[in-house]
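Read off the chains here:
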Amino acid sequence: MFVIFNKNGIAQVLPEKKPKIIFMEPDALFLFGVQNSLILFEDILDNLDIKWKEKLNLWQAELDFRKSLDDEEEFDKLIDTYWSVDFGDIPQVNVIEIGDSDIPFVFDKTKKLYINIDFLNALKKAGAKDVWFDTTAPYGRY
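Residues numbered from 1 in each chain as written. Predicted model: local features only at pLDDT ≥ 70, side-chain atom pairs only at ≥ 80, totals over all residues. Heavy atoms only, no water.

### Let's talk about unusual backbone geometry
For step 1, the next point in the chain: Positive phi outside glycine occurs at Lys-111, with the angle close to 70°.
For step 2, the next point in the chain: Here Lys-111 is to be found in the loop between β6 (105-107) and β7 (113-116).
For step 3, the next point in the chain: On the accessibility criterion, Lys-111 (56% relative accessible area) is exposed. (Helix = DSSP H or I, 4+ residues; strand = E, 2+ residues; numbered from the N terminus. Buried < 20%, exposed > 50% of the residue type's maximum accessible area, 1.4 Å probe, protein only.)

Here's what the structure looks like:
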């Protein structure tokens, strides 16, 4: 089963959990809007079932947790242990007809992006607990 790739759809399985006081890197970062994105911490990918991982087209991503571009001491907060999912080659289907599938993402005929609930559960099983939506703020500018 698929849900729309938005906060409400994803939060059914992976609710947002950002730290209140102590800084922690997100396990998964979902960005919504004109350009949707999913960025995953490398450890989550390492633990993800191979049936999902082999269907993801990934490229290395950098998240910038620095508070200032001018602060030399903060330069080490440029994190590059993340991978971004490329949505460029996602199949276009009639979502109502697809049913159970091991495809993580699909577009419908109107180019609306959907995510597989089983894939979200697989992310949870792989250790995705600290899930952030839209931004790394207040810790960074991403």
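Now that the structure is up, let's keep going.
### Considering the pairing of strand β3 (residues 37-41)
For step 1, the next point in the chain: Where burial is concerned, most of β3 is hidden: 5 out of the 5 residues are buried.
For step 2, the next point in the chain: Alternating positions in β3 separate into two faces, Ser-37, Ile-39 and Phe-41 on one and Leu-38 and Leu-40 on the other, with burial throughout.
For step 3, the next point in the chain: Note that strand β2 (residues 28-31) and β3 share 4 bridges and pair antiparallel. In the sheet register, Ala-28 faces β3, and the bridge partner there is Leu-40.
For step 4, the next point in the chain: The hairpin turn running from β2 into β3, its antiparallel successor, is 5 residues long, and Gly-33 in that turn takes a positive phi close to 140°. (Pairing = 2+ DSSP bridges.)

### Notes on the environment of Ser-37
For step 1, the next point in the chain: Relative to the elements of secondary structure, Ser-37 occurs in strand β3.
For step 2, the next point in the chain: For Ser-37, a relative accessible area of 12% puts it in the buried group.
For step 3, the next point in the chain: Distance in space between the C-alpha atoms of Ser-37 and Phe-5 is 9.5 Å, their sequence separation being 32 residues.
For step 4, the next point in the chain: Look past the residues within four positions of Ser-37 in its chain and what remains in contact with it is Phe-5, Leu-29, Phe-30, Leu-31 and Phe-87. (Contact = heavy atoms within 4.5 Å.)

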